[in-house]
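Secondary and tertiary structure notes
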Amino acid sequence: MDLFADQPLEFTPGDHFNYVNTGYIVLGAIIEKLAGMRYEAALQQKIFTPLGMTNTGYDHHQTILKNRATGYSHSYARISLYNSNFIDMSVPYAAGSIYSTVEDLFLWDQALYTEKLLPKKYLDMLFEKYVPASGRHYGYGIFLGEMNIGNTNKTVKTNSHGGGINGFNTLITRFPKNKAVVILLNNTERAPLFQITTSINGILYNEDFDLPKQSLAKALSQKLDSLTIDDALDFYKDAKKSGQYHIDEEEMNHFGYTFFQAEKFIKAAFIFKLNVEAFPESFNVFDSYAEALLALGYKKQAAKNYEKSLRLNPENKNAQMMLDYLNADD
């Protein structure tokens, strides 16, 4: 808390949305203050025990858990998976750190249609459209929006939230209309969970659906490690035309930064440039591309991309800070 307690607000609360783990760490501290007990104990006493969630708890590395899943990762340099980097769950605290099963999470999901956990007035607040967020709305800890039914233009309302940590990514999507829920827990760090859920949604409504496609970001990164930039570009264009791959902004950024961290700045810039072309309305892709250009010494081009990022998101403090730095340097 001391690290950020005196930092200025990014925006007036309620005006915008920006997910950060910091916010949930604050909530954990508030829970401990109000409940008069540790966050871990409060979860156990208020949620897990009353709902009979016997395979859910705060994850301590020392505890031996039957059937504990191991998290795996992959990068551009490794075709096969490898054990993800270790992180002690005291670090994410209230922004993560829970282990569970799909069966236990189903108990939690169904309880939200009752007053077992919260009285109705608080349930109504939980699912209230509080602030616009990435084409949807954010309530109190949950995204409120709509999802396509399979590959049709039909949609259904959803409550959902995803998450990710070293070696894992997850997505829980609730369909209040018929009290269905899709709970996906993955231990290979990155999987197209949204696409999988959309397909399952098609199955639930007996509509046509597409099988999830391969990750273009991952395939491109593996090719780029051994091919020239021109050959990698040809592969990228052919792969997009084939219809066998999906391109994800976050995945492209992830693999771009694996090259960046390995100081392969030309290849990092190549991936970031493709991401800019694929997602021209995203401020983040311009910010990343600018960072790679700056590492290559292209200050004017970097400044132009920071400016684009800032136009798309005037709250992007990193872009403003880098522009101030570049202007001062001139």
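Residues numbered from 1 in each chain as written. Predicted model: local features only at pLDDT ≥ 70, side-chain atom pairs only at ≥ 80, totals over all residues. Heavy atoms only, no water.

So, the overall build of the chain
Here is the rule we go by: Numbering goes from the N terminus for both helices and strands, where a helix is a DSSP run of H or I of at least four residues and a strand is a run of E of at least two. Taken over C-alpha atoms, the radius of gyration is set against a globule rule of 2.2 Å times the number of residues to the power 0.38. Summary of the burial criterion: residues with accessible area below 20% of their type's maximum are buried, those above 50% are exposed, and those between are partly exposed, where the area comes from a 1.4 Å probe applied to protein chains only. Contact criterion: two residues are considered in contact whenever any of their non-hydrogen atoms come within 4.5 Å of each other. Per-residue accessibility takes into account occlusion by the displayed protein chains alone, with areas from the Shrake-Rupley method and a 1.4 Å probe. By the counting scheme adopted, Arg and Lys are positive, Glu and Asp are negative, and His together with the chain ends is not counted. Charged groups are reduced to one reference atom each: NZ for lysine, CZ for arginine, CG for aspartic acid, CD for glutamic acid.
The secondary structure content of the chain amounts to 12 helices and 12 strands. Relative to a compact globule of 330 residues, whose C-alpha radius of gyration would be 20 Å, the chain shows 22 Å and is just as compact. Expressed along its principal axes, the backbone C-alpha trace of the chain runs to roughly 60 × 50 × 40 Å. Looking at the chain as a whole, 35% of its 330 residues are labelled buried. Considering only contacts in the chain between residues 6 or more positions apart, those separated by 24 or more positions represent 53%. Per element, the accessible surface of the chain, about 19,500 Å² overall, is 53% carbon and sulfur. In the chain, which carries 32 positive and 38 negative side-chain charges, the distance between the mean positions of the two groups comes to 4 Å.

Some thoughts on helix α7 (residues 229–242)
Given 3.6 residues per helical turn, the α-helix brings residues three or four places apart onto the same face. Selection rule: By this rule, a helix spans an expected 1.5 Å times one less than how many residues it contains.
Between the first and last C-alpha of α7 there are 20 Å, a value that for 14 residues agrees with the 20 Å anticipated at 1.5 Å per step. Those residues of α7 that are buried lie in contact with α6 (216–224), β12 (245–246), α8 (249–261) and α9 (265–278). Looking at the residues trailing α7, positive phi occurs at Gly243, about 75 degrees.

Some words on the nonpolar core
Using the following cut-off: Side-chain atoms within 4.5 Å are what join buried Ala, Val, Leu, Ile, Met, Phe, Trp, Tyr and Cys residues into a set we call a nonpolar core.
Counting 35 residues, the largest nonpolar core has Leu220, Phe235, Met252, Phe270, Ile271 and Tyr306 as the members making the most contacts within it. Of all the elements in the fold, those that place two or more residues in this core are α6, α7, α8, α9, α10 (283–295), α11 (299–312) and α12 (317–329). By residue number, the principal contributor to this core is α9, which donates 7 residues. Apart from residues no more than four positions distant in its own chain, Tyr306 is found in contact with Asp287, Ala290, Glu291, Asn318, Ala319, Met322, Leu323 and Leu326.

Notes on unusual backbone geometry
In this structure, Asn67 is a non-glycine residue whose phi angle is positive, near 65 degrees. When you line up the elements, Asn67 lands in the loop between β1 (57–58) and β2 (72–73). Classification of Asn67 as exposed rests on a relative accessible area of 70%. The backbone phi angle of Asn206 is positive, close to 55 degrees, even though this residue is not glycine. Tracing the backbone shows Asn206 in the loop between α5 (193–204) and β11 (214–215).

Thoughts on the pairing of strand β7 (residues 143–148)
Both faces of the sheet carry side chains from a regular strand, because those side chains alternate between them. Going by this rule: Pairing between strands requires that DSSP locate at least two bridges from one strand to the other.
Here strand β6 (residues 136–138) runs beside β7; their pairing, made up of 2 bridges, is antiparallel. Paired with His137 across the two strands is Leu144, which belongs to β7. Where β6 hands over to β7, the hairpin turn is made up of 4 residues, of which Gly141 adopts a positive phi near 85 degrees. As judged from the 6 bridges shared by β7 and strand β8 (residues 155–165), these two strands associate in the antiparallel manner. By the bridge assignment for β8, Gly145 is matched with Thr158. Taken together, β7 and the strand that follows it, β8, pair antiparallel across an intervening segment of 6 residues, in which Gly150 is found at a positive phi of about 60 degrees.

Quick look at the sheet that holds strand β10 (residues 180–186)
Note the following rule: As a rule, the C-alpha atoms of each element are fitted with a line to give its axis, helices using only the stretch in contact, and angles between N-to-C directions run from 0 to 180 degrees.
With respect to topology, 6 strands assemble into an open sheet ordered β5-β6-β7-β8-β9-β10, the strand pairing being antiparallel. The open sheet is flanked by β5 (131–133) and β10, the only strands paired with a single partner. Averaged over all pairs of adjacent strands, the angle between their axes in this sheet comes to 35 degrees, without regard to strand direction. Sheet topology places β8 next to strand β9 (residues 168–175); 7 bridges connect them, and they run antiparallel. Paired with His161 across the strands is Ile172, a residue of β9.

Here's the deal with a nonpolar patch on the surface
Basically, it comes down to this: Excluding any residue in a salt bridge, patches collect residues exceeding 30% relative accessible area, merging like charges within 9 Å and nonpolar Val, Leu, Ile, Met, Phe, Trp and Tyr side chains within 5 Å. Between Lys or Arg on one side and Asp or Glu on the other, a salt bridge is scored when a side-chain nitrogen of the former is within 4 Å of a carboxyl oxygen of the latter.
Side chains of Tyr122, Met125, Tyr130 and Tyr140 sit close together on the surface and give an oily, nonpolar patch of about 410 Å² of accessible area. Examined against the element boundaries, Tyr130 turns out to sit in the loop between α4 (120–126) and β5.

Topic: a positive patch on the surface
On the surface, Lys300, Lys304, Lys308 and Arg311 cluster together to form a positively charged patch. The topology assignment puts Lys304 in helix α11. The class for Lys304 is exposed, based on a relative accessible area of 53%.

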